[in-house]
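Results of the structural survey
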There are 4 protein chains.
Amino acid sequence: MRIGILTSGGDAPGMNSAIRAVVKSAIYNNMKIFGVKCGYRGLIEGNLIKLNFSSVDNIAEKGGTVLKTSRCPEFMKEDGRKKAVDTLKKFQISGLIVLGGNGSFKGAEKLSKLGINTIGLPGTIDNDLNYTNYCIGFDTTLNTVLDCIKRIKDTNSSHDKTTIVEVMGRYCGDLALYSALAGGGEIISTPERKLSFDDICEKLNKNILSGKKDNIIIITERMYDIEKLQKYIEDKLNISMRGTVLGFLQRGGSPSAFDRLLAGKMGVRAVQLLLDGCTGRAVGIRDNKIIDVDFKDIDIENHNKKLEYELLNMLL
Amino acid sequence: MRIGILTSGGDAPGMNSAIRAVVKSAIYNNMKIFGVKCGYRGLIEGNLIKLNFSSVDNIAEKGGTVLKTSRCPEFMKEDGRKKAVDTLKKFQISGLIVLGGNGSFKGAEKLSKLGINTIGLPGTIDNDLNYTNYCIGFDTTLNTVLDCIKRIKDTNSSHDKTTIVEVMGRYCGDLALYSALAGGGEIISTPERKLSFDDICEKLNKNILSGKKDNIIIITERMYDIEKLQKYIEDKLNISMRGTVLGFLQRGGSPSAFDRLLAGKMGVRAVQLLLDGCTGRAVGIRDNKIIDVDFKDIDIENHNKKLEYELLNMLL
Amino acid sequence: MRIGILTSGGDAPGMNSAIRAVVKSAIYNNMKIFGVKCGYRGLIEGNLIKLNFSSVDNIAEKGGTVLKTSRCPEFMKEDGRKKAVDTLKKFQISGLIVLGGNGSFKGAEKLSKLGINTIGLPGTIDNDLNYTNYCIGFDTTLNTVLDCIKRIKDTNSSHDKTTIVEVMGRYCGDLALYSALAGGGEIISTPERKLSFDDICEKLNKNILSGKKDNIIIITERMYDIEKLQKYIEDKLNISMRGTVLGFLQRGGSPSAFDRLLAGKMGVRAVQLLLDGCTGRAVGIRDNKIIDVDFKDIDIENHNKKLEYELLNMLL
Amino acid sequence: MRIGILTSGGDAPGMNSAIRAVVKSAIYNNMKIFGVKCGYRGLIEGNLIKLNFSSVDNIAEKGGTVLKTSRCPEFMKEDGRKKAVDTLKKFQISGLIVLGGNGSFKGAEKLSKLGINTIGLPGTIDNDLNYTNYCIGFDTTLNTVLDCIKRIKDTNSSHDKTTIVEVMGRYCGDLALYSALAGGGEIISTPERKLSFDDICEKLNKNILSGKKDNIIIITERMYDIEKLQKYIEDKLNISMRGTVLGFLQRGGSPSAFDRLLAGKMGVRAVQLLLDGCTGRAVGIRDNKIIDVDFKDIDIENHNKKLEYELLNMLL
């Protein structure tokens, strides 16, 4: 049995750990395993390489993806996907593991309907896939965010000042939410529980009056114009403060232990599913158990984090 | 209602995050909360301080424990425990949260029998408590171990050499096991699945013959004389190699996101249990859910990690 | 002899190491040493505390400043400065060590003229003081910048893309220059050697054509509108790329070994100068030797980095 | 002109930065540059590869050495060196840059006498070469040591305990000395200023009596039996304490900014020296200026660190 693996969409720390696990367990199961370079583009262009133990030696600890990734508009069209299938047939590859986010899974689902057995592995720092508690990359980025905030706190507490910190997440507030739960900030606004400018001012003012002068306000990207928010608070509370966008450094870095373990377990399951003849399924983790669900049951809309938001009330 | 919190036994990263969560949620619930300094010794000596928001400001990210800890032989005796109860009565404290490992829980259980409501929070880097998937501190130490191994790998791969790395864990192999699962090593021996010197040589030789010349052999402390093991391998395989004991740096450092979150959730539950009049129970996490169990159901012997050891076969 | 120390302006990593060294060597020399809280504001408000060994215990490794800092408009006026002198007289303090940047030194110079012996220690991550090779904080921030760039490179090389990285430095290009010299980027523009949009495009295009597709363009803050620059390059070279502003996280974090050592040596010299009855002088390091110069010989304009820019030609 | 570069002896962080600089500036000067694999062994076995820009792309930030290194007994003999010269002649290589410590320089000196122009670059974490203020790798390891000590301090201060920390350095005390100067420890013993067991006890006792209960005792490797020292102190002062050997993790890790810059400047100078027809010289840095000296003027015995030891008196 010959299978392939590709990484697609934005890179996430832990992708290399997943590639390693897939290659190791594929070989353990007597499969031949091919790496597709640069995501779906590599499928279209026939850019594949044979992978073996030495291909994945010492990569588990590396950020990014050794297979490279891309966003590929051509694959959005039927014609592109036909080329991809032709490539897979040429290489006699009957199963494909796709490591990426929601967009990448949509592509995988279409390939599945074209007769290629496809399995998805959730690799995205945004943690915006509702079927799994954690995506590969989220824990690393969360640690990076908390490390950045720790640095910012050095300055905040030296100056008795407040800083707005904008973190990634696209339309999902998990990075902001978990950062706050972990004690990384005093005020938080996410797409799931959005605060108005006045709400934020009120909370901040309450903190300052109670003697807590260095505050971190964590917000998810795409929610506000951060400069406007800063100006609004400064004017309303008559203070001077700052805002910072953490930006692209959140994506990179050596993966955390959690992400490396998660990627390892998920990678093994993905190979097992292909062995079992499954297709159109995404691997996840729920309640500490590795699961798999049909692609059509995946949603990025409905994030039920009630318990976590209740905890916030007590911990902030 | 007045409650107390103490940290006991070896310190673990995340203890401060737990203290913060306990204080915040105690105040949220209109309790008065006291910190006992230096573990059970502080109880005996009456060394308590009132805690409030500012006591726990910006401590979630700090390693160690701001309340300090100790091992206290006097508390092992009935006389010592009587003094401890007297102190608690003097301070009108009816509930006590104990943050520590198995030994600390034994003490808490005895206090419970003397009429003090006690709740345990699992804080130990060894992860050797069988009732909970994770203890506070384990994830941070695992990340520290993997970071150290990454550094050692730089030298190993520059010299094409192998290094034996001894990690902590007392009688529990989890630190070694998870490090290996995460891709931190090629050969692993733990109390739960101990390899003989010859087993290790055989595996190492197989790797070297297949072209993998830089190997990490991870072993749990207290299993072997590491110098003897090194000498045995060198003689048998006619190679030169090295051994290193990671040592006490594994205990410290700023807690990881995972440990900070875990400590937060567990701390809130501990306060809730005291509110509900419970006693003699330890908080844990199982299958991603916060749980609590009776102290008498806690064991450090039986670590069922079958699934993980099966995974190892595929991932090493 | 009684002396004081204050930190002023923006905080910088290593300030605490300097405070520790000043306190330790003041006590060694039988002086009494006072810490002024919140910079010059503390002088005006009489907010001083006595410092001793335990005040500086385990602070050398902490970011920010335990004495806190501020910008103080009142001190800009003669009236404010008179209040400051009154405070110092009240505390019988005859010598003051000021830890900060150019603005803080201007204040110190004025105090010196009012009869207070003042000595400056250069604490600024911008490294924009021309009389010293290095300011306290610069090396730490340089390491932070390189660490952030390393993370960004993970994504760049996974996507074969280029990122513009804006670093701090006010009007001084050292952070950008040294980051590039250290191999942190392929193209660099600083106030001292500014590239036009077209220069940048030309260099980038040359790299891409030669096969180097993941590039880092490092720019100093305040030079360009980063979004305009990104758009310009994208349009001209018909590529997709990204820009990121590292922002306030560059200020914080535990100081590097270099900054801790530098702060230690400089702190000792500052105390010695006060012992010797000197005033109006700033401590620096030149050619690996601790020096001191008159405040009036300090300039932030003339940065002679010819050798370094010549090196760049070879190393990029 | 065709030149070669090899790394020899123990690896050190920053070696890759030096390789990058040598390759870049060699190409800038229209030379052809070859990398010798595995140190002198590669010379004997003819294991050389052509290096170009892409060979050194993104390696500046990597620990270890991409050229690999070894200790090579065969090269100690005349016969081995003759083979090495033959290889160089076969490849028409007239100049060789050797990156390593004192032992590697001895080999380079002998090659020089056999008619090969050789230049040495000092790469060793021990900093034990007397002609240069800093060797490549020392600053990174110093940061690693301070980071480890910071972790150990978390535990020490939680338990009010003292730990002995043994650091690397062979017969040179710089790592211990600079760690202590940077505020990493309270008591220090180095080959250059060795304390007796009783000296250490006396200092420690003084600290404990003055209220400083968590102490770090830094010692250089090869000086004492650390377990005996621990036992001696425990018995004499009637305390419980700990000892830890930092070990091989000190060698690895991503190089610091300082080492990356130093390696860059030194690498450029090495190429320039070969261009100028020089041989038998080692590159160093003294008083912040890149220098070069004759191999015969290098010594590892005489470390004049008077100033630093005087500073210690004030800073501990």
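Residues numbered from 1 in each chain as written. Chains lettered and ligands numbered in written order. Predicted model: local features only at pLDDT ≥ 70, side-chain atom pairs only at ≥ 80, totals over all residues. Heavy atoms only, no water.

Remarks on the interface of chain D and chain C
Between chain D and chain C, the contact holds 43 residues from the first and 43 residues from the second. For the chain D and chain C pair, buried surface summed over both sides reaches about 3800 Å², with 55% attributable to carbon and sulfur atoms. Sorting the residues of chain D by area buried against chain C places D:Leu261, D:Met314 and D:Leu315 first, and these three jointly supply 16% of that buried surface. Applying the counting rule to chain D against chain C returns 6 salt bridges. Residue C:Lys289 is joined to D:Asp287 by a salt bridge in which the shortest nitrogen-to-oxygen separation is 2.8 Å. If you look at where chain D meets chain C, you find 22 residue pairs in polar contact (both at pLDDT 80 or more). (Contact = heavy atoms within 4.5 Å. Buried area = accessible area lost by both parts, 1.4 Å probe. Salt bridge = Lys/Arg side-chain N within 4 Å of Asp/Glu carboxyl O. Polar contact = N/O pair within 3.5 Å; in protein donor to acceptor, adjacent residues only side chain to side chain.)

Looking at the relation of the copies chain D and chain C
Aligned on chain C, chain D shows an RMSD of 0.0 Å; the corresponding rotation is 180° and the shift along the axis is 0.0 Å. Overall, the copies show the geometry of a two-fold rotation axis. When each C-alpha of chain D is compared by its distance to the rotation axis, D:Asp287 comes out closest, at 2.2 Å. Same-surface contact between copies: 100% of interface residues of chain D are shared with the interface of chain C. (Least-squares fit on C-alpha atoms with pLDDT ≥ 70 in both.)

A short note on the pattern of salt bridges
All chains considered together, the criterion is met by 56 salt bridges over all chains. The salt bridge partner of A:Arg269 is A:Asp292, with a shortest N-O separation of 2.8 Å. Separated by 23 residues along the polypeptide, A:Arg269 in helix H9 (residues 257-275) and A:Asp292 in strand S11 (residues 289-294) bring together distant segments of the chain. Residue A:Arg269 is classed as partly exposed on the basis of its relative accessible area of 26%. Taken together, the shared-partner salt bridges in this structure form one network comprising A:Asp57, B:Glu186, B:Lys212 and B:Asp214. (Helix = DSSP H or I, 4+ residues; strand = E, 2+ residues; numbered from the N terminus. Buried < 20%, exposed > 50% of the residue type's maximum accessible area, 1.4 Å probe, protein only.)

Thoughts on the interface of chain D and chain B
Counting residues at the interface gives 30 residues for chain D, matched by 30 residues for chain B. Contact between chain D and chain B buries roughly 2400 Å² in total, counting both sides, with carbon and sulfur atoms accounting for 51%. When the area that chain D buries against chain B is broken down by residue, the three leading residues are D:Arg151, D:Phe248 and D:Leu249, summing to 27%. Where chain D meets chain B, there are 2 salt bridges. Notably, a salt bridge pairs B:Lys68 with D:Asp160, separated by 2.6 Å at the nearest N-O pair. Inspection of the chain D/chain B interface yields 17 residue pairs in polar contact (both at pLDDT 80 or more). For the side of chain D that touches chain B, the secondary structure elements donating two or more residues are helix H5 (138-159) and strand S9 (242-245) of chain D. Split into classes, the residues belonging to the side of chain D that touches chain B amount to 6 nonpolar, 17 polar and 7 charged. (Nonpolar A, V, L, I, M, F, W, Y, C, P; charged D, E, K, R; others polar.)

Some words on the sheet that holds strand S3 (residues 48-51) of chain A
Residue and element names in this part refer to chain A. With mixed pairing, the 7 strands of this open sheet are ordered in space as S3-S2-S1-S4-S5-S10-S11. Of all the strands in the sheet, the pair left with one neighbour each is S3 and S11. Sheet twist, expressed as the mean angle between neighbouring strand axes with direction ignored, is 30°. Relative to strand S4 (residues 95-100), strand S1 (residues 2-7) runs parallel, the two sharing 5 bridges. (Pairing = 2+ DSSP bridges. Axes fitted to C-alpha atoms, helices over the stretch in contact; angles between N-to-C directions.)

A word on the UniProt feature "domain: Phosphofructokinase" (unreviewed entry) in chain A
Here the UniProt feature "domain: Phosphofructokinase" (unreviewed entry) sits at residues 2-274 of chain A. Secondary structure across residues 2-274 of chain A comprises 43% helix and 16% strand; the distance between its end C-alpha atoms is 10 Å. (UniProt positions renumbered as here; feature names shortened; annotations may be inferred.)

Details of the pairing of strand S4 (residues 95-100) of chain C
Looking down a regular strand, the side chains alternate between one sheet face and the other. Residue and element names in this part refer to chain C. Most of S4 is tucked away, with 6 of its 6 residues classed as buried. When S4 meets strand S5 (residues 117-122), the two strands line up parallel, connected through 6 bridges. Bridge pairing in S5 links Gly100 to Pro122. Regarding topology, helix H4 (residues 102-113) serves as the crossover connection from S4 to the parallel S5, and that connection is right-handed. (Right-handed = clockwise from strand over helix to strand, strands pointing away.)

Side note on the sheet that holds strand S7 (residues 187-189) of chain D
Residue and element names in this part refer to chain D. Judged by pairing direction, the sheet is parallel, and its 4 strands sit side by side in the order S7-S8-S6-S9 without closing on themselves. Edge positions in the sheet fall to S7 and S9, since each of these pairs with one other strand and no more. The sheet shows a mean angle of 15° between the axes of neighbouring strands, taken without regard to direction. With respect to the sheet, helix H7 (residues 197-209) is in contact with S7 and strand S8 (216-220), its orientation differing from that of S7 by roughly 170°.

A word on the relation of the copies chain D and chain B
Mapping one chain copy onto the other needs a rotation about an axis and a shift along that axis. It takes a turn of 180° to lay chain D on chain B, together with a shift of 0.0 Å along the axis; the resulting RMSD is 0.0 Å. Interface residue correspondence from chain D to chain B reaches 100%, placing this contact among same-surface, isologous pairings.

Some details on the packing of aromatic side chains
Scanning the model with the defined rule gives 34 aromatic pairs over all chains in all. With centroids separated by 3.9 Å and ring planes inclined at 5°, the aromatic side chains of C:Tyr40 and C:Phe75 adopt a geometry described as stacked. Here C:Tyr40 is found in helix H2 (residues 40-45), whereas its partner C:Phe75 is found in the loop between strand S3 (48-51) and helix H3 (78-90), with 35 residues between them in sequence. Here a set of aromatic residues connected by ring pairs shows up, and it is made of A:Tyr134, A:Phe138, A:Tyr178, A:Phe258, B:Tyr134, B:Phe138, B:Tyr178 and B:Phe258. Geometry around D:Phe248 places B:Arg242 over its ring, the cationic atom sitting 4.0 Å from the centre. (Phe/Tyr/Trp six-rings, centres within 6.5 Å; stacked < 30°, edge-to-face > 60°. Lys NZ or Arg CZ within 6 Å of the ring centre and 35° of its normal.)

Considering the packing of helix H9 (residues 257-275) of chain C against helix H10 (residues 306-315) of chain D
Working note: a packed helix pair is described by the angle between its axes plus the distance between those axes. The geometry of H9(C) relative to H10(D) is characterised by a closest axis approach of 11 Å and an angle of 75° between their N-to-C directions. Overall, the two elements H9(C) and H10(D) adopt an arrangement that is roughly perpendicular. In this structure, H9(C) uses C:Gly264, C:Lys265 and C:Val268 to contact H10(D), whose residues at the interface are D:Glu308, D:Leu311, D:Met314 and D:Leu315. (Parallel < 35°, antiparallel > 145°, perpendicular 65-115°, else oblique.)

As for unusual backbone geometry
Unusually for a residue other than glycine, C:Arg222 sits at a positive phi of about 70°. Take C:Arg222: it is sitting in the loop between strand S8 (216-220) and helix H8 (226-237). With phi around 50°, D:Asp287 is a residue other than glycine that occupies positive phi space.

Observations concerning the domain arrangement of chain A
All names here are of chain A. Parsing chain A into structural domains produces domain 1 (2-137 + 255-299) and domain 2 (139-251). The gap between the C-alpha centroids of domain 1 and domain 2 is 34 Å. With 13 residues of domain 1 in contact, the opposing surface of domain 2 contributes 13 residues. When domain 1 packs against domain 2, the two sides together hide about 1100 Å² of surface, and 47% of this comes from carbon and sulfur. Taken together, domain 1 and domain 2 are joined by 0 salt bridges. Joining domain 1 to domain 2, the criterion identifies 10 residue pairs in polar contact (both at pLDDT 80 or more). Of the residues assigned to the side of domain 1 that touches domain 2, the class counts are 5 nonpolar, 4 polar and 4 charged. (Domains from an automatic or database assignment.)

Considerations on the UniProt feature "binding site: Mg(2+)" (unreviewed entry) in chain A
Residue and element names in this part refer to chain A. As annotated in UniProt, the feature "binding site: Mg(2+)" (unreviewed entry) corresponds to Asn102 in the numbering used here. Within the secondary structure, Asn102 sits in helix H4 (residues 102-113). Those residues in contact with Asn102 that lie beyond four places of it in its chain are Leu129, Ile298 and Ile300.

Here we look at the arrangement of the chains
The two partners chain B and chain C share no contact, and the minimum distance between any of their C-alpha atoms is 11 Å. Chain D makes no contact with chain A, the minimum C-alpha separation between the two being 11 Å.

Examining the side chain of C:Thr162
All names here are of chain C. Residue placement: Thr162 occurs in the loop between helix H5 (138-159) and strand S6 (163-167). Separated by 3.4 Å, the side chain of Thr162 and the backbone nitrogen of Asn215 make a polar contact. Once residues within four sequence positions are removed from consideration, Thr162 is found in contact with Asn156, Leu204, Lys213, Asp214, Asn215, Ile217, Met241 and Arg242.

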